Amino acid sequence: MDLIAFLTDWGLSSYYVSVCKSVIKKINKNADIIDITHSAGHFNIKKYASLIFRASRDFEEGTVFLCVVDPTVGSPRNPIALKTSKYNYYFVGPDNGLFTFVIQEYGVEESVELSDKRFFYKTDYSSTFHGRDIFAPVAAYISKGITIDHFGPKTEKLTTFDMQKPVIEDNKVICDYLYSDDFGNIETNLSSNYLENLDLSKKVTVEINGTKNVARVVKNYAEVKKGELLLHVDSSGFYEISAN
């Protein structure tokens, strides 16, 4: 259980990521830390919630996920750790909706509020750097085999955000926009399972915020002309709106 997957919105131009890794290594020198991302923009909880879920599916069972996207750090929102029902994953971070998709998809076996200061990096912890002083050390202790019931009381309810679940009505599919990646691809929550019988020779009308465009349904970008819109299933198994 020495594997820790690390995600933040801090970027890499400052020392924050390195300091957290150092704190982890002080507690568990054998920890293997894999960076998911630290540079996908700031404060976008919905985007990072999507990235956490999509990335997690390719990690081994029992992985500890240290995830800090925390625009309200220091507020009454709780610092938490949870264990999922599927895959025995552990997620450590703020209870602000960041774990919405993993909660929905994996289920929660146990979740606790992080309140026992014996497991903090500093008992006089910073009010603005919980990543270093609370989340990183707790993730390190979990990676050493400490069960999450040691860190604080059980939580009654976890924060999740509302999302438009895919709905099929006649010839229309309504789904939610999750985020755009660095290439400008529009990522949706529409799983390939919803449209298993979609004819790949067809064109579809894509409407976003009232603006309509025609896109071809294809398997890859090169199947359409340069600049032409397309709809395809991305590497995570969800429909993506893109252009060549």
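Everything numeric in this text was worked out from a predicted model, so none of it was measured. (Residues numbered from 1 in each chain as written. Predicted model: local features only at pLDDT ≥ 70, side-chain atom pairs only at ≥ 80, totals over all residues. Heavy atoms only, no water.)

Points about the overall build of the protein chain
When its secondary structure is counted, the protein chain shows 4 helices and 14 strands. Expected size for 244 residues packed as a compact globule is a radius of gyration near 18 Å; at 20 Å, the protein chain falls within 12% of this value. C-alpha extents for the protein chain along the principal axes are approximately 60 × 35 × 30 Å. Sorting the 244 residues of the protein chain into buried and exposed places 48% on the buried side. Within the protein chain, contacts between residues separated by at least 24 positions form 62% of all contacts whose residues are at least 6 apart in sequence. For the protein chain, the accessible area works out to roughly 12,800 Å², and carbon and sulfur atoms hold 47% of it. (Helix = DSSP H or I, 4+ residues; strand = E, 2+ residues; numbered from the N terminus. Rg over C-alpha atoms; globule rule 2.2 N^0.38 Å. Buried < 20%, exposed > 50% of the residue type's maximum accessible area, 1.4 Å probe, protein only. Contact = heavy atoms within 4.5 Å. Areas by Shrake-Rupley, 256 points an atom, 1.4 Å probe, with all protein chains shown as cover.)

Examining the sheet that holds strand E5 (residues 90-94)
Spatially, E2-E1-E3-E5-E4-E6 is the arrangement adopted by the 6 strands of the open sheet, whose pairing is mixed. Only two strands of the sheet have a single partner each, and these edge strands are strand E2 (32-37) and strand E6 (108-113). The mean inter-strand angle of the sheet, taken between neighbouring strand axes irrespective of direction, is 20 degrees. Note that strand E3 (residues 64-68) and E5 share 3 bridges and pair parallel. Looking across to E5, one finds that Val64 is bridged to Tyr90. Most of the contacts of helix H1 (residues 16-27) go to strand E1 (residues 3-8), to which it runs at about 155 degrees, and overall it touches E1, E2 and E3. Its contacts with the sheet put helix H2 (residues 45-56) on E1, E2, E3 and E5, and the angle it makes with E1 is roughly 155 degrees. (Pairing = 2+ DSSP bridges. Axes fitted to C-alpha atoms, helices over the stretch in contact; angles between N-to-C directions.)

Quick word on the sheet that holds strand E13 (residues 229-233)
Taken together, the 6 strands give an open sheet; going across it, the order is E9-E10-E14-E13-E12-E11, and neighbouring strands pair in mixed fashion. Single-partner strands in this sheet number two, and they are strand E9 (177-180) and strand E11 (203-208). With strand direction ignored, the average angle separating the axes of adjacent strands in the sheet is 35 degrees. Note: E9 against strand E10 (residues 186-191), 3 bridges, orientation antiparallel. Of the residues in E10, the one forming a bridge with Tyr177 is Thr188.

Focus on the packing of aromatic side chains
Here the structure, examined in full by the defined rule, presents 18 aromatic pairs. Look at Trp10 and Tyr16: their rings are 6.1 Å apart centre to centre, the planes differ by 75 degrees, and that puts the pair in the edge-to-face class. On the basis of relative accessibility, which here comes to 18%, the residue Trp10 falls in the buried class. Take Tyr16: its relative accessible area is 32%, and that puts it in the partly exposed class. Judged by centre distance (5.7 Å) and plane angle (50 degrees), the rings of Phe53 and Tyr106 are tilted. One end of the pair, Phe53, is in helix H2; the other, Tyr106, is in helix H3 (residues 100-106), and 53 residues separate them in sequence. The exposure class of Phe53 is buried, given its relative accessible area of 8%. Note on Tyr106: relative accessible area 4%, which makes it buried. Connected via pairs of aromatic rings, a cluster forms that spans Phe53, Phe59, Phe65, Tyr87, Tyr89, Phe91, Phe99 and Tyr106. (Phe/Tyr/Trp six-rings, centres within 6.5 Å; stacked < 30°, edge-to-face > 60°.)

Remarks on helix H4 (residues 130-143)
Look at H4: 18 Å from first C-alpha to last across 14 residues, which is about the 20 Å you get at 1.5 Å a residue. Among the residues trailing H4, Gly145 stands out with phi positive, at a value near 105 degrees. (Expected span 1.5 Å × (residues − 1).)

Observations concerning the pattern of salt bridges
As enumerated under the stated definition, the model contains 8 salt bridges in all. Here Arg77 and Asp70 are joined by a salt bridge, their closest N and O atoms 2.5 Å apart. Given the relative accessible area of 11%, Arg77 is considered buried. Between Lys83 and Glu109 there is a salt bridge whose closest N-O contact spans 3.6 Å. One end of the pair, Lys83, is in strand E4 (residues 79-84); the other, Glu109, is in strand E6, and 26 residues separate them in sequence. Classification of Glu109 by relative accessible area gives partly exposed; the value is 48%. Put simply, Arg54, Glu187 and Asp234 are held in one network by salt bridges that share partners. (Salt bridge = Lys/Arg side-chain N within 4 Å of Asp/Glu carboxyl O.)

Any functional reading would require information beyond the geometric quantities listed.
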